[in-house]
Amino acid sequence: MSKVISAAEAVAKIADGEMLAVNSSSGLCCPDAVLAALGERFEATGSPKDLTSIHPIAAGDFFGTKGVDHIAKPGMISTIIGGSYPSGPTNAEPPLIWQMIGRNEVKAYNLPSGIIFDMLREGAGKRPGVLTKVGMETFVDPEQEGGAMNAAAAEVPIVRRESFDGEDWLYFKALAPDVAIIRATTADERGNLTYEGEGAVLGAMEMALATHNNGGIVIAQVRRVAANGTLRPHDVRVPGILVDYLVEAPEALQTTETPYDPAISGELMRPLDTFSVPEFGVQKVIARRVAQELQPGWAVNIGFGVSANVPRIFLEEGRHGAVTWVIEQGAVGGVPLLGFQFGCASNAEAFVASPHQFAYFQAGGFDCSLLSFLEVDAEGSVNVSRLSATPHRTAGAGGFVDITARARKMVFSGTFNAGAKMRIEDGRLVIDKEGHTAKFVGKVDQVSFSGARARRQGRSATYVTERCVIELGEDGLVVTEVAPGVDLVRDVLAQAATPLKVAEGLKVMEARLFRPGPIGLMA
C-alpha cells in the first residue's frame, strides 16, 4: 500500500500539544511544503495548537523559504528549541518567529545544534538524557542563561548542572517527538528515502528514530516516488520501516535560491576554475592572514563570515586540497559555498550525517576551526550568538558552541570594529573613517565561547582582523602583529573598549597580504 498522501492530509495527523522535530538547515532539506500546509490548517481551524517545535538547525530563511515562519503563529507554538534561527539584514522586517520571541509569546531556547541532535539520539534509545561538557561556561550553562532566549523560557529551565563520577556536567533531558517532518529526494512506495539530489542528510535518521521509537509519526516530503525495489539499498539513508507518510513536492528548492545544482549533491564535479575568488580588499586581507594559520594535511572546520572565504584563498593560491574542509551540515572536502548556499559544498568527498559530524567536532577530532566574531572581551570570550539591539541579525549559536568546546586551535576573524571605512593602498591599510562600535569590549553581551575556560585547558585562540592579530595569552588579549600603515596606539589600542596588551616582539603583518598578487601560501 502506498504511503503517499497530500500535505493537507499529512498535517491533519498532528494533534494539539504535540512535539514536532523538523530536519532542515535554512533552505537546505527544508520540508517547506509540509510546514506551509501545517500553518494553513491552523489558520483555517485553530488546530493544532500549543505545539513544541524542535529545530537543530534553522528551518527557512529570509529569502524564499519560509520554513518555521509558516507555523510561527500565536497559540500554535508554545515552545521552540532551536540550534539556530532565520537571520537577515538589520533593516529587514524580523521573521515572525523572532517577533514572537521578542513578545514572549513562545518559550524560546537556543541550544548547541549538536546537543539537540544528541537529545534526539538519547530519546531514540529511551535513555534519560545527555551529560556533556559542551556549553559549560557559555550562555548555555544554567549558571549564565541556560539557553533561554526570553523571559518566558527563563521561567522553565531546560538544562541543569549535575555531578557525575566526581565531575560537573550539563544535563539535557532527552527529546521524544510525536512527529518528525523530514525531507529527501526520492522515496519508494514503502517509504525508503534516498538523498541523491540533496546537499546534506542532516539529522533525518536521528529524528525518524526518536519519533518512531516513541510511538510518533514520521512525515517525509520528497521530490518524487519510485516503484518498490528500484532504489539501491546502499543509497537508502532512512528505511521505510520508520516512515509513515510521504508528501510529494517536486518543485522544492535544493537550498536557498537554488532549484538544483548537481555539484551541491555530488552528482557532478565542477572544474576548479569555475569558482569565484574574492576581490582584493580588506576582507581578502583578513582571509589571507587566516589561511596562513593552517598547515598541510589538516582537517579544518569553517564558519560563516570572513572564514567562508578562506577556501577560495586556497583555490587562488593553487593549494586546493592541501587541507580538508568540514562543515556542520555534513560535507567533508570539496569547496564550501558562499552566500545563500552556505552550509553546502561543491565537489565534496563525503556527506556524513550532521549528528556524526557534531560528535567529531564536540570531541575536538579536527585540527583547527575558522570562525567569526561579533564581540571579543578582555578574557578572550567571543559572542556570535546575540545582538540585543537587532536579534534577528544573528542566527544564534548554531554549531559554534559544539565546535569550540574542545577545539585545539581556533582562529576567529572579523573587522576590528564596526562601521570603519578602509581601503588598501600601495601595500598599506588606510583608515579613512573610524568605526562607530567597538568589537573588543570589556565584557561580551553573551558568551558563545569562553576564553577563560580555553586558556585553563591550554587551547589556542587567535583573533585576526584587518589591522592587527591578537592572541589569547596567559593574562588576556595580546596584540602580536599590526598591519602596515597602522598606528598601534591610535588605530588599535585607542579603538578597543578594553585594554589590550602588546607583545614584546610585536611584528608587522606580512606586506604580501596587502598586495593584489598571490601570496605564495604554504610555499
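One can find the structure itself at the top, above this paragraph.
Computed from a predicted model, the values in this text were never measured in an experiment. (Residues numbered from 1 in each chain as written. Predicted model: local features only at pLDDT ≥ 70, side-chain atom pairs only at ≥ 80, totals over all residues. Heavy atoms only, no water.)

A. How the structure looks around the overall build of the protein chain. Within the protein chain one finds 12 helices and 31 strands. The C-alpha radius of gyration of the protein chain comes to 23 Å, within 12% of the 24 Å expected for a compact globule of 523 residues. Referenced to the eigenvectors of the C-alpha coordinate spread, the extents of the protein chain come out at roughly 75 × 50 × 45 Å. Put simply, the protein chain has 523 residues, and 59% of those count as buried. Within the protein chain, contacts between residues at least 6 apart in sequence are counted, and of these 76% link residues at least 24 apart. Accessible surface, the protein chain as shown: approximately 19,900 Å² in total, 51% of it carbon and sulfur. Across the protein chain, the 48 positively charged side chains and the 61 negatively charged ones have centroids separated by 2 Å. (Helix = DSSP H or I, 4+ residues; strand = E, 2+ residues; numbered from the N terminus. Rg over C-alpha atoms; globule rule 2.2 N^0.38 Å. Buried < 20%, exposed > 50% of the residue type's maximum accessible area, 1.4 Å probe, protein only. Contact = heavy atoms within 4.5 Å. Areas by Shrake-Rupley, 256 points an atom, 1.4 Å probe, with all protein chains shown as cover. Lys, Arg positive; Asp, Glu negative; His and termini not counted. Charge placed at Lys NZ, Arg CZ, Asp CG, Glu CD.)

B. Geometry of the environment of Glu-143. Checked against the element boundaries, Glu-143 lands in the loop between strand 5 (129-132) and helix 5 (151-154). A relative accessible area of 62% means that Glu-143 is categorised as exposed. Sequence separation between Glu-143 and Ile-77 is 66 residues; the distance between their C-alpha atoms is 27 Å.

C. Geometry of unusual backbone geometry. Here the bond from Ser-47 into Pro-48 is cis, since omega is 0 degrees, no more than 30 degrees from zero. Checked against the element boundaries, Pro-48 lands in the loop between helix 2 (32-45) and strand 2 (51-55). For Glu-137, which is not a glycine, the phi torsion comes out positive at approximately 65 degrees. Relative to the elements of secondary structure, Glu-137 occurs in the loop between strand 5 and helix 5. Judged by relative accessible area, Glu-137 falls into the partly exposed class, the value being 23%.

D. View of the pairing of strand 6 (residues 159-164). Strand direction decides the pairing type here: strand 6 and strand 7 (residues 167-173), joined by six bridges, are antiparallel. Pairing of Val-159 across the sheet is with Phe-172, part of strand 7. Here strand 6 folds back onto strand 7 in antiparallel fashion, the turn holding two residues, of which Asp-165 has a positive phi close to 55 degrees. (Pairing = 2+ DSSP bridges.)

E. Structural detail: the nonpolar core. Ranked by size, the top nonpolar core spans 124 residues in total, and within it Leu-193, Leu-294, Leu-370, Phe-412 and Tyr-463 carry the most contacts. Beyond its immediate sequence surroundings of up to four residues, Leu-193 is in contact with Ile-182, Ala-184, Thr-186, Ala-187, Ala-220, Val-222, Asp-235, Val-236, Arg-237, Val-238, Val-243 and Leu-246. Core analysis: the next-biggest nonpolar cluster, separate from the first, contains 32 residues, Ala-7, Val-34, Leu-35 and Ile-97 among them. (Core = buried A, V, L, I, M, F, W, Y, C linked by side-chain atoms within 4.5 Å.)

F. Region of the structure containing helix 4 (residues 113-124). Taking 1.5 Å per residue as the helical rise, helix 4 with its 12 residues ought to reach 16 Å, and the 17 Å between its terminal C-alpha atoms agrees with that figure. Summarising burial for helix 4: 11 of the 12 residues are buried, a large majority. For helix 4, every residue scored as buried is listed here: Ser-113, Gly-114, Ile-115, Ile-116, Phe-117, Asp-118, Met-119, Leu-120, Glu-122, Gly-123 and Ala-124. Lys-126 sits one or two positions beyond helix 4 and adopts a positive phi of about 55 degrees. (Expected span 1.5 Å × (residues − 1).)

G. Representation of the packing of helix 4 against helix 9 (residues 354-362) in the model. Across the interface, helix 4 lies against helix 9 with an axial gap of 9 Å and an inter-helix angle of 120 degrees. Classified by the interaxial angle, the pair formed by helix 4 and helix 9 is oblique. Crossing geometry of helix 4 relative to helix 9 is assigned as left-handed. Mapping the contact onto sequence places Ser-113, Gly-114, Ile-115, Phe-117 and Asp-118 in helix 4 and Ser-354, Pro-355, Phe-358 and Gln-362 in helix 9. Here the contact of helix 4 with helix 9 is built from residues that sort into four nonpolar, four polar and one charged. (Axes fitted to C-alpha atoms, helices over the stretch in contact; angles between N-to-C directions. Parallel < 35°, antiparallel > 145°, perpendicular 65-115°, else oblique. Left-handed = near helix turned anticlockwise from the far one by under 90°. Nonpolar A, V, L, I, M, F, W, Y, C, P; charged D, E, K, R; others polar.)

H. Layout of the sheet that holds strand 21 (residues 382-383). Read across the sheet, three strands follow the order 21-20-27 without closing on themselves; strand pairing throughout is mixed. The two strands at the open ends of the sheet, each matched to only one other strand, are strand 21 and strand 27 (440-441). Across two bridges, the pairing between strand 20 (residues 375-377) and strand 27 is parallel. Counted as the bridge partner of Asp-377 is Val-441 from strand 27.

I. Layout of the sheet that holds strand 5. Here three strands make up an open sheet; going across it, the order is 5-7-6 and the pairing antiparallel. Two strands close off the open sheet at either side, each with one partner strand: strand 5 and strand 6. On average, each strand axis in the sheet is inclined to that of its neighbour by 35 degrees, with strand direction left out of account. Taken together, the four bridges between strand 5 and strand 7 define a ladder with antiparallel strand orientation. Counterpart to Leu-131 in the pairing with strand 7 is Tyr-171. The sheet contacts of helix 4 involve strand 5 and strand 7, and relative to strand 5 the element is tilted by about 135 degrees.

J. Region of interest: helix 9. Every buried residue of helix 9 is accounted for by Ser-354, Pro-355, Gln-357, Phe-358, Phe-361 and Gln-362. Projected down its long axis, helix 9 shows its buried positions confined to an angular sector of 155 degrees, all on one face. A positive backbone phi angle near 70 degrees is found at Gly-364, which sits one or two residues after helix 9. (Arc of directions from axis to C-beta.)

K. A look at the packing of aromatic side chains. Within this structure, the stated rule accounts for 13 aromatic pairs. Measuring from centroid to centroid gives 6.0 Å for Phe-358 and Phe-361, while their planes differ by 85 degrees, and the two rings are edge-to-face. Of this pair, Phe-358 and Phe-361 both sit in helix 9, separated by three residues, roughly a single helical turn. The same class applies to Phe-358 as to Phe-361, namely buried. The interplanar angle of 20 degrees and the centroid separation of 5.4 Å between the aromatic rings of Phe-412 and Tyr-463 together place this pair among those described as stacked. Separated by 51 residues along the polypeptide, Phe-412 in strand 22 (residues 409-413) and Tyr-463 in strand 28 (residues 460-464) bring together distant segments of the chain. Three or more aromatic residues joined by ring pairs make a cluster, and in this case those are Phe-117, Phe-358, Tyr-360, Phe-361 and Phe-366. Geometry around Trp-169 places Lys-133 over its ring, the cationic atom sitting 4.3 Å from the centre. Sitting over the face of the ring of Phe-275, Arg-270 holds its NZ or CZ atom 3.8 Å from the ring centroid. (Phe/Tyr/Trp six-rings, centres within 6.5 Å; stacked < 30°, edge-to-face > 60°. Lys NZ or Arg CZ within 6 Å of the ring centre and 35° of its normal.)

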